[in-house]
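Single-letter residue listing:
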Amino acid sequence: CDKDSGSILIQNSKTDLDNIKLVNLVSPKLPLRILYGGLNVIGSEFYFNKLDIIEAKSEDGVNFVDSIVKGDSISAEKISSDAIDSDFSEVQIGNVFCENIGNDCVDFSYSNAKISSIKANEVGDKVVSTGESSKLDLGYISAIKSFIGLASKDSSIINVSEYDYSFVNIPLAAFIKKQEFN
């Protein structure tokens, strides 16, 4: 994709990808609808081997909504806001790598996820953000030069087996952001 690239929308589909590299995507401009990802997967089954997202200009590099997601590896680099955002989805990913992310590396809302490992460097806000009753089972996380390592909000649960961090302002955070949650 060149500097004027657009966005990708996968909706109500079953998609199986091997190796895909997405560069410079922006949010779609659709009438009467707002989507936040450069890659938007909605109401779908999305399977992949390797997904690379580079220099996304959208609010989210990839946004999974009401989907089943299974993949081996996601790499996100130079993302202006969130790298991976999941809403109302079931997510299973082997390895996640994030570098130079403006906001969150992975952000879950109303989602259940299992991730083998996350390696993150220079994340502007949270390496892992779980909210709105999400559940995350995480094998290993390495957070370097980031603001917050692990954040559990609004009745969410994070189970983590191993956590390494350095130069992280707040390694762990748990709080209520929305009053309707415990």
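Preceding this paragraph is the structure being described.
These numbers were taken from a predicted model, which means no experiment stands behind them. (Residues numbered from 1 in each chain as written. Predicted model: local features only at pLDDT ≥ 70, side-chain atom pairs only at ≥ 80, totals over all residues. Heavy atoms only, no water.)

1. Here we look at the overall build of the chain
Next up, step 1: Looking only at helices and strands, the chain has zero helices and 15 strands in total.
Next up, step 2: Whereas a compact globule of 182 residues would reach a radius of gyration of roughly 16 Å, the chain reaches 15 Å, a difference of no more than 12%.
Next up, step 3: Its C-alpha atoms give the chain principal-axis dimensions of about 35 × 30 × 30 Å.
Next up, step 4: Looking at the chain residue by residue over its 182 residues, the buried ones come to 50%.
Next up, step 5: Sequence-distant contacts, at least 24 apart, represent 28% of the contacts inside the chain between residues at least 6 apart.
Next up, step 6: As displayed, the chain has an accessible area near 8,800 Å², and 49% of this comes from carbon and sulfur atoms.
Next up, step 7: Between the averaged position of the 17 positive side-chain charges in the chain and that of its 27 negative side-chain charges there is a distance of 2 Å. (Helix = DSSP H or I, 4+ residues; strand = E, 2+ residues; numbered from the N terminus. Rg over C-alpha atoms; globule rule 2.2 N^0.38 Å. Buried < 20%, exposed > 50% of the residue type's maximum accessible area, 1.4 Å probe, protein only. Contact = heavy atoms within 4.5 Å. Areas by Shrake-Rupley, 256 points an atom, 1.4 Å probe, with all protein chains shown as cover. Lys, Arg positive; Asp, Glu negative; His and termini not counted. Charge placed at Lys NZ, Arg CZ, Asp CG, Glu CD.)

2. Focus on the environment of N63
Next up, step 1: As for its placement among the helices and strands, N63 is situated in strand β7 (residues 60–65).
Next up, step 2: Residues N63 and K114, 51 residues apart in the sequence, show an inter-C-alpha distance of 17 Å.
Next up, step 3: Beyond its immediate sequence surroundings of up to four residues, N63 is in contact with Y36, G37, L39, N40, V41, D85, S86 and D87.

3. Looking at the nonpolar core
Next up, step 1: Among the nonpolar cores identified, the biggest contains 40 residues, and F46, V96, I118, V127 and V128 are the most heavily contacted of them.
Next up, step 2: Aside from chain neighbours lying at most four places away, what touches V127 is C105, V106, I118, A120, I141, A143, S146, I148 and G149. (Core = buried A, V, L, I, M, F, W, Y, C linked by side-chain atoms within 4.5 Å.)

4. Let's talk about the environment of I93
Next up, step 1: Mapping I93 onto the fold places it in strand β10 (residues 90–101).
Next up, step 2: Overall, I93 belongs to the buried group, its relative accessible area being 4%.
Next up, step 3: The spacing of I93 and S117 is 24 residues in sequence and 8.4 Å in space, taken between C-alpha atoms.
Next up, step 4: Look past the residues within four positions of I93 in its chain and what remains in contact with it is F48, G71, D72, I74, K114, I115 and S116.

5. What to know about unusual backbone geometry
Next up, step 1: Despite not being glycine, N24 shows a phi value in the positive range, around 70 degrees.
Next up, step 2: Note on placement: N24 falls in the loop between β2 (14–23) and β3 (29–30).
Next up, step 3: Given a relative accessible area of 13%, N24 falls into the buried group.
Next up, step 4: A positive phi angle, close to 60 degrees, is found at S133, a residue other than glycine.
Next up, step 5: Here S133 shows up in the loop between β13 (126–131) and β14 (135–153).

6. Section: the packing of aromatic side chains
Next up, step 1: Per the counting criterion, the structure on display carries four aromatic pairs.
Next up, step 2: Arranged with centres 4.7 Å apart and planes meeting at 5 degrees, the rings of F88 and Y110 form a pair that is stacked. Here Y110 lies in the loop between β11 (106–109) and β12 (112–123) and F88 lies in the loop between β9 (82–87) and β10, a separation of 22 residues in the sequence.
Next up, step 3: Classification of Y110 as partly exposed rests on a relative accessible area of 39%. (Phe/Tyr/Trp six-rings, centres within 6.5 Å; stacked < 30°, edge-to-face > 60°.)

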